[in-house]
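# Summary of structural features
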Amino acid sequence: MTSPETLELEAVEAALAGRYVAPEHAELAELALLLRDDRPEPTPAWQNQLSRRVEAGFPARPKQRRQWVPVWVRKSAPVLAVFAVVAVIAVPIALVGVEGGGDDDAGSTAAGGSGEVAAQDGGGGSSGASAPENDVPALSEDSRSAPTAPKADRAARRKVERAVVMTLAAPRRQIDEVATDIGDVTADVGGFVRRSRVSSNSGGDLQLRVPSNRLDTAVQRLSKLAKVRDLSRSSEDITRAVVSARDRLRDAKAEREALLKQLADATTLNETESIRARLDIVSQEIAAARNALSRVNNRANFANISVSLVTTSGAEDDDEGGAWTPGDAWHDALRLLEVIAGVLVIAAAIAVPLLVAWLLGWLGRRGITRRRRERALDMA
Amino acid sequence: MTLPATKIALDFEALYRAARDDVFAYVATLLRDRGAAEDVTAQAFERAFRKSKSYDAQRGSERAWLFGIARNAALDELRKRKRTAALAAEPADVVRDPDEAFEHALRRAAVRTALAALDPRDRELIALKFHAGLDNAEIAGVLGVSVSNAGTRLHRALTKLREILDDQS
């Protein structure tokens, strides 16, 4: 059964459509027509004006230029600026972290403990080394003694023995070439090859001595000759040994001076011969002390580089061939994708919370606006 | 370029020609201010023009979409004014047609008075139905309610209007 409400609404629709309306709804139909016919009508002038604006595509009116930046954005500009600055700082830092953390190359494995060098103390650290330390050009004694040096310079004047152990890998066919290059690099930095044993098939070992102040340069250049499999650095403070050797030399010299004075004052033959015999001994002690000082100074002034030259596997040979192969392209592409993914993750970590906050703000603002509009209608 | 199925291109000029006077009538009844109604109607069409690319046919008819924009513009005007203005110049043409029967003219005046006395929400429903010519489905779309609820509200508004008219007589 149709409700009275529905019947009345149908009567309204029928009246508006010009259809028949039952007599009991005649009054309602008349009201509907009155309402329809009595609606407010716009003036022709306004109609024409609006039509012209529609045809022109609603040109912007200069006095009512729209603020494209919403008020809430302008008010929160400082906060957004802080977020932007944090993002600008954080992204590169994070990127550096990604790069450093992922690339664990052999070049970064430096061992700083002095215990490793302790085993080399005293003869250059090479058990079968036949080359004497005197191979190294001797330094002048004057440069080794600086008793009046200020305290600030003492730290700089400390004597440190440095050593590097590195393993270089090269394709079998390049072993000889790399070994030759190692010698060239060593000579270029002012050093020398102390010992070498290299086989074209299996690689070999080279013991290098380079000036300590050129050690980093030498290692850097050697690292470019072949793939660095391993690299470790060590250092040992040998200042005490230098000072001890210097003291022994000074004491011996002082004794010789005293003996020479005694010799000048000697009056008897026996006394003279006794002093001369003692002078011979002291002269030998001076020579020994001088040699000892020279050796220990050379340990500080020249660093040891122990290079193990090994052959690479077949797959690595392909990689080290020099030409840019499809395999290289594949690895580069993967690496590039890793970096891009890292950047995207970091960007998302920053952007997602901001977007969520913005979305919540937008939804809240929309809801508030809607409630205010409805309230305005109630108050109208 | 072919638009997606839900993004039917809006013929804005056709919509404007068909709905301009209807929108004005609705806004004028809601605001009860002809001058403000002209401004708000123009503003509503400009907003619709700017947003015409975002119109989605699946979310309602073009007229419902347009009247939704006009309603928001009108309510924003009400918020801005925080007051209601008299329907300026509207009742002045009670005797627009000299040949019109006196009784009929009186009846029209009574309806206007009753309409002005209605609650704003009920007056809005009357305006949407009789001044703007929307069907119940379009009214539901504009107000964000169901079609049956729109019909119920409309019937209630008509009942109140008739009660006011009865009280006047």
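Because the structure is a prediction, the values reported are computed rather than measured.

### Comments concerning the overall build of chain A
- Of the regular secondary structure elements, chain A holds 14 helices and five strands.
- Within chain A, the proportion of its 380 residues that are buried is 19%.
- Sequence-distant contacts in chain A: of pairs separated by 6 or more residues, those separated by 24 or more amount to 75%.

### As for the interface of chain A and chain B
- Counting residues at the interface gives 25 residues for chain A and 35 residues for chain B.
- Of all the secondary structure elements, the ones that give two or more residues to the side of chain A that touches chain B are α1 (4–17), α2 (26–37), α3 (44–55) and α14 (326–379) of chain A.
- Broken down by class, the residue content of the side of chain A that touches chain B amounts to 14 nonpolar, one polar and ten charged.

### Considering the packing of helix α1 (residues 12–31) of chain B against helix α2 (residues 34–51) of chain B
Residues and elements named next belong to chain B.
- Their axes nearest at 9 Å, the elements α1 and α2 cross at an angle of 145°. By crossing handedness, the relation of α1 to α2 is classed as right-handed. For the pair α1 and α2, contact is made by F12, Y16, V23, F24, V27, A28 and L31 and by R34, A36, A37, V40, T41, A44, F45 and F49, respectively.
- Each residue belonging to the contact of α1 with α2 can be placed in one class, and the counts come to 13 nonpolar, one polar and one charged.

### Section: α1(B)
Residue and element names in this part refer to chain B.
- With 20 residues, α1 ought to run about 28 Å at 1.5 Å a step, yet its terminal C-alpha atoms sit only 25 Å apart, falling short of that.
- Approximately 55° is the largest bend angle found in α1, and it occurs at A19.
- Positive backbone phi, approximately 55°, marks R32, located one or two places after α1.

### Focus: the confidence of the model for chain A
- When pLDDT is averaged along chain A, the result is 79; 77% of the residues meet or exceed 70.
- Per-residue pLDDT stays below 50 along residues 98–149 of chain A; that stretch engages in 61 contacts with residues further than four places along the chain or on separate chains.

### Side note on the sheet that holds strand β2 (residues 192–199) of chain A
Residue and element names in this part refer to chain A.
- Across the sheet, five strands lie side by side as β2-β3-β5-β1-β4; this open sheet has mixed pairing. At either margin of the open sheet sits one strand with a lone partner, and together these are β2 and β4 (227–237). Neighbouring strand axes in the sheet, compared pairwise and without regard to direction, differ in orientation by 15° on average.
- One ladder, built from eight bridges, connects strand β3 (residues 203–211) with strand β5 (residues 302–311); its direction is antiparallel. Each bridged residue has a counterpart across the sheet, and for V210 the counterpart in β5 is A303.

### As for the nonpolar core
- Membership of the largest hydrophobic core comes to 57 residues, with the highest contact counts inside it found for V23(B), Y26(B), V27(B) and A70(B).
- The biggest single contributor to this core is α1(B), with ten residues.
- With near-sequence residues (within four places) excluded, V23(B) lies in contact with T41(B), A44(B), L66(B), F67(B), A70(B) and A132(B).
- Of all hydrophobic cores here, the second largest spans 26 residues; its members include I175(A), A179(A), L215(A) and L309(A).

### A short note on unusual backbone geometry
- Within the chain, F58(A) stands out as a residue other than glycine whose phi angle is a positive 50°.
- Mapping F58(A) onto the fold places it in the loop between α3 and α4 (71–75).
- At R32(B), a residue that is not glycine, the phi angle is positive and equals roughly 55°.
- On the basis of neighbour counts, which here come to 20 C-beta atoms within 10 Å, the residue R32(B) falls in the buried class.

### Quick look at α3(A)
- Spanning twelve residues, α3(A) covers 16 Å between terminal C-alpha atoms, matching the ideal 16 Å at 1.5 Å per step.
- One or two residues past the end of α3(A) sits G57(A), with phi positive at roughly 75°.

### Brief notes about the environment of T113(B)
- Its location among the elements puts T113(B) in helix α4 (residues 102–117).
- For the pair T113(B) and L165(B), spaced 52 residues apart in the sequence, the C-alpha separation amounts to 8.6 Å.

### Points about the pairing of β5(A)
- In this sheet, β5(A) lies alongside strand β1 (residues 160–170) of chain A in parallel orientation, the contact comprising eight bridges. Bridged to L168(A) within β5(A) is L309(A).

### Structural notes on the packing of α1(A) against helix α7 (residues 147–168) of chain B
- As a packed pair, α1(A) and α7(B) sit with axes 10 Å apart at the nearest point and diverge in direction by 80°. By the angle between their axes, α1(A) is roughly perpendicular relative to α7(B). Taking contact as the criterion, the partners of E5(A), E8(A) and L9(A) in α1(A) are, on α7(B), G151(B), L154(B) and H155(B).

### Some remarks on the environment of A44(B)
Residues and elements named next belong to chain B.
- Residue placement: A44 occurs in helix α2.
- Residue classification places A44 among the buried positions, given that 25 C-beta atoms sit within 10 Å.
- Taking C-alpha positions, A44 is 9.8 Å from F24, a pair spaced 20 residues apart along the chain.
- The residues contacting A44, other than those within four sequence positions of it, are V23, I69, A70 and A73.

Cut-offs applied
Residues numbered from 1 in each chain as written. Chains lettered and ligands numbered in written order. Predicted model: local features only at pLDDT ≥ 70, side-chain atom pairs only at ≥ 80, totals over all residues. Helix = DSSP H or I, 4+ residues; strand = E, 2+ residues; numbered from the N terminus. Buried ≥ 20, exposed ≤ 12 C-beta atoms within 10 Å, placed from the backbone. Contact = placed C-beta atoms within 7 Å. Nonpolar A, V, L, I, M, F, W, Y, C, P; charged D, E, K, R; others polar. Axes fitted to C-alpha atoms, helices over the stretch in contact; angles between N-to-C directions. Left-handed = near helix turned anticlockwise from the far one by under 90°. Expected span 1.5 Å × (residues − 1). Bend = angle between axes of the 7 residues up to and from the residue. pLDDT = per-residue confidence, 0-100. Pairing = 2+ DSSP bridges. Core = buried A, V, L, I, M, F, W, Y, C linked by C-beta atoms within 7 Å. Parallel < 35°, antiparallel > 145°, perpendicular 65-115°, else oblique.

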